[in-house]
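What follows is the residue order along each chain.
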Amino acid sequence: MNTLSFFNPRFTSDLFDVIDRNFSDIASAGETHLASPRVDVSETKDNYALEMELPGYTENDVEINLKDRVLSIASIQLKDAKDKKAENADQDKTYLIKERRTCQFNRSFTLPEDIDSEGVAASFKNGLLTITIPRRAETKAMRIAISA
């Protein structure tokens, strides 16, 4: 059975997620930082599927690329005008608690060799990005006749 592997060698676990949640306040409150959205990966006999939770994003905020069996999913950089508008709105108020931040992300996955790269499809609904990657049919062994 083929396996789907992380292209990024960074090791993550629940322990690191706890550390990230508790020490992320060290960064300045308005700072844009790198996030790592969680992904569910599943397979059937016909395809692989990746589901990524992206609350607050739209299909226009995400870019998906596939090259040499490496699937990359990244957020698109926020425009300067959008950032300045948000800064001006923040000048009129004082936050008592500010836990939400502008986050950027970039995830990459090395896909198995049995994918059909021409049939990859993506959909985005209610903050859930779903990427379906069809599998090629396995080649069956065949007997070759020897001619004399």
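Throughout, residues of each chain are indexed from 1 in the direction in which the sequence is written. Per-residue local features are limited, in this predicted model, to residues with pLDDT of at least 70; the limit for side-chain atom pairs, both in listing and counting, is 80 or more; totals at the level of whole chains, interfaces and linings are taken over all residues. To get the side-chain values, all heavy atoms of the structure are used, and hydrogens and water are removed first.

(A) Quick look at the overall build of the chain. Numbered from the N terminus, helices here are DSSP runs of H or I no shorter than four residues, and strands are runs of E no shorter than two. Along the backbone of the chain there are two helices and nine strands. In sequence order, the chain lays out its α and β elements as β-α-β-β-β-β-β-α-β-β-β. Relative to all contacts within the chain whose residues are 6 or more apart in sequence, the contacts with residues 24 or more apart total 67%. For the chain, the exposed surface amounts to about 11,900 Å²; the carbon and sulfur share of it is 51%. Note on contacts: a residue pair is in contact if any heavy atoms of the two residues lie within 4.5 Å. Method for areas: the Shrake-Rupley scheme with a 1.4 Å probe, in which residue coverage is limited to the protein chains shown.

(B) Representation of the pattern of salt bridges in the model. Whenever Lys or Arg places a side-chain nitrogen within 4 Å of a carboxyl oxygen from Asp or Glu, that contact is recorded as a salt bridge. Scanning the model with the defined rule gives two salt bridges in all. One salt bridge in this structure joins E43 and R135, with 3.0 Å as the shortest N-O distance. Highlighted residues: E43 in strand β3 (residues 39-43) and R135 in the segment after β9 (128-134), separated in sequence by 92 residues. Throughout, exposure labels follow a simple rule: accessible area from a 1.4 Å probe, protein chains only, divided by the maximum for the residue type, with under 20% read as buried, over 50% as exposed, and the rest as partly exposed. On the accessibility criterion, E43 (33% relative accessible area) is partly exposed. Taking relative accessible area as the criterion, R135 reaches 18% and is therefore assigned buried. Salt-bridge contacts for D114 lead to R135; the nearest nitrogen and oxygen are separated by 2.9 Å. Of the two residues, D114 sits in the loop between β7 (103-110) and β8 (121-125) while R135 sits in the segment after β9, which places them 21 residues apart along the sequence. Comparing D114 with R135 shows no difference in burial state: the two are buried. Look at the salt bridges and you will find they share partners, linking E43, D114 and R135 into a network.

(C) Quick look at the sheet that holds strand β4 (residues 47-53). For two strands to pair, DSSP has to find at least two bridges joining them. Strand order in this open sheet of four strands is β3-β4-β9-β8, and the pairing throughout is antiparallel. The sheet is open, and its two borders are formed by β3 and β8, each paired with just one other strand. Pairs of neighbouring strands in the sheet enclose a mean axial angle of 15°, with direction left out of account. Here five bridges tie β8 to β9, and the two strands are oriented antiparallel to one another. Each bridged residue has a counterpart across the sheet, and for A121 the counterpart in β9 is T132. Comment: axis = line fitted to C-alpha atoms, over the contacting stretch for helices; angle = value between 0 and 180 degrees taken between N-to-C directions.

(D) A look at unusual backbone geometry. Although it is not a glycine, R69 sits at a positive phi angle of roughly 65°. Residue placement: R69 occurs in the loop between β5 (62-67) and β6 (70-75).

(E) Quick look at the confidence of the model for the chain. Confidence of the predictor at the level of single residues is captured by pLDDT, which takes values from 0 to 100. For the chain, the mean per-residue pLDDT works out to 77, and 66% of the residues sit at or above 70. Predicted confidence is poor over residues 27-32, with pLDDT under 50, and the contacts of this stretch with residues over four places away or in other chains come to eight contacts.

(F) Focus on the packing of aromatic side chains. Put simply, two rings from Phe, Tyr or Trp (the six-membered ring, in Trp's case) pair if the centres are within 6.5 Å, and we call them stacked under 30 degrees between planes, edge-to-face over 60, tilted for the rest. One pass over the full model with this rule turns up one aromatic pair. Aromatic pair Y57 and F105: ring centres 5.5 Å apart, planes at 85°, arrangement edge-to-face. Of this pair, Y57 sits in the loop between β4 and β5 while F105 sits in strand β7, and the two are 48 residues apart along the sequence.

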